[in-house]
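Secondary and tertiary structure notes
In case you want the letters, here they are:
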Amino acid sequence: MKYFLLVGEPSGDLHAASLVEALRARCATAQFYGLGGDKMQAAGVILFQHYRKMAFMGVLAVLRHLPDVKRNFRIAEQALLQTQPDVLILIDYPSFNLRMAAFAKKHLPQTKIVYYIPPKVWAWKTRRIHRIATLCDEVLGIFPFEPTFYARYGYTCTYVGNPTNNEITAAQTHIKTADEQHIVLLPGSRMSEIKHCLPTMLAAARNIKNQQARDLSLVIAAAPSVSDDCYQPYLQEGERITHDTYRALSTAQAAIVNSGTATLETALIGCPQVAVYHVTASRWLGWIKPLLFKIPYFTLPNIIANKQVIYEAVGAQFTQSNIERELTRLLDDKHYRQQMMDNYHEIQTLLGKQDAPATAAEHIYRLTQTA
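So, here's what we can say about the structure. The shown structure was predicted, so the numbers you read here are calculated from the model rather than taken from an experiment.

**Thoughts on the side chain of Glu324**
- Inspection of the secondary structure assignment puts Glu324 in helix H14 (residues 320–332).
- At a separation of 2.8 Å, a polar atom in the side chain of Glu324 contacts the side chain of Asn207.

**Some details on the packing of H14 against helix H15 (residues 334–351)**
- One can describe the packing of H14 onto H15 by two numbers: an axis separation of 6 Å at closest approach and a directional angle of 90°. One way to sum up the angle between H14 and H15 is to call them roughly perpendicular. Counted together, Glu326, Arg329, Leu330, Leu331 and Asp332 of H14 and Lys334, Tyr336, Arg337 and Met340 of H15 form the full contact between these two elements.
- Class assignment for the residues of the contact of H14 with H15 results in four nonpolar, no polar and five charged.

**Structural notes on helix H8 (residues 163–172)**
- Restricting attention to buried positions, one finds in H8 the residues Pro163, Thr164, Asn165, Asn166, Glu167 and Ile168.
- Buried residues belonging to H8 abut helix H1 (10–26), strand S5 (112–116), helix H10 (245–250), helix H11 (261–269), H15 and helix H16 (356–369).

**Here's the deal with the sheet that holds strand S12 (residues 273–277)**
- Pairing is parallel in the open sheet, where six strands are placed in the order S10-S9-S8-S11-S12-S13. The sheet terminates laterally at strand S10 (240–242) and strand S13 (311–314), the two strands that pair on one side only. Recorded for the sheet is a direction-independent mean angle of 25° between the axes of neighbouring strands.
- Judged from the three bridges that link them, strand S9 (residues 217–221) and S10 form a sheet pairing that is parallel. In the sheet register, Ile220 faces S10, and the bridge partner there is Ile241.
- Where helix H9 (residues 191–211) meets the sheet, its contacts fall on strand S8 (182–186), S9, strand S11 (254–258) and S12, and the angle it forms with S9 comes to roughly 165°.

Conventions and cut-offs
Residues numbered from 1 in each chain as written. Predicted model: local features only at pLDDT ≥ 70, side-chain atom pairs only at ≥ 80, totals over all residues. Heavy atoms only, no water. Helix = DSSP H or I, 4+ residues; strand = E, 2+ residues; numbered from the N terminus. Polar contact = N/O pair within 3.5 Å; in protein donor to acceptor, adjacent residues only side chain to side chain. Axes fitted to C-alpha atoms, helices over the stretch in contact; angles between N-to-C directions. Parallel < 35°, antiparallel > 145°, perpendicular 65-115°, else oblique. Contact = heavy atoms within 4.5 Å. Nonpolar A, V, L, I, M, F, W, Y, C, P; charged D, E, K, R; others polar. Buried < 20%, exposed > 50% of the residue type's maximum accessible area, 1.4 Å probe, protein only. Pairing = 2+ DSSP bridges.

Note that all results are geometric; they support no functional claim without further evidence.
Here's what the structure looks like:
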């Protein structure tokens, strides 16, 4: 049995590696190929390209790196034709993955196509749902509301559990407590995010640190795809970088988190947080948001709970003063903190306890057995 996995960023690499282990448990002789990262490679996947050479976010970035984007498509196409996989597994990264699904559908008709962690069509670009359903033999969602959303359009999506929930549950058994009191900053996994978010995040955290009677330190959670050297110009004496994000969050008093999967990780770990997100031309966000987005929230904790669990400093709201105000509440208002913790528990209940990689692997394996 041959599997080909397509991944374009760090969290996908982590989820793909867990899925590979679960698939290998069902078929010890399975072969794994793909485009991805270090964790996939460590899990035994033969890589044809690393996601570091694929992570171009936004129209301008894609246009600037158009030759690289085209080369990545060619690499993936040639790799698929060379390996002739039984199953092509797409993990998020929709612009790239949907094109490759169409290629496989045309040139490899015997290959089953599975979307594990499909695009967030319930948030924006809803029209993609038709293409996903047409191209894929199975769609395996990681949010409990996705099957209902797909059913609304006459399509099937199976909820397999949430891999982030599984990974954090497993990691927390190995996390030790610490006496140090600190605020954790998660500025994102791309250089553009770090450039736009980290200076404001640090300025707010430094002010709160100086105002608080307790001795708070500042910790920057580094992304695996970004060199430590990229963070150093922003740091002052006593501020440090960590590569153990889960441990830092587990022992932190509060966190400032760039919107994305990290907000859900922070919630599941149980760390009080404020979410931020930089938007170019943010003054227009109020006008364009209803046109682009189908839901009232930006962050996963709020989307899953369908209410405001954490404050979203997005676009024009992403200011130093707003972050400082929210950090002060998180640190000093015990009722506010407890309310957030109660909402976090509600999110965990909604996600359930399914083992996402194992459940997804069972669906994928069963698909090949009934072919």
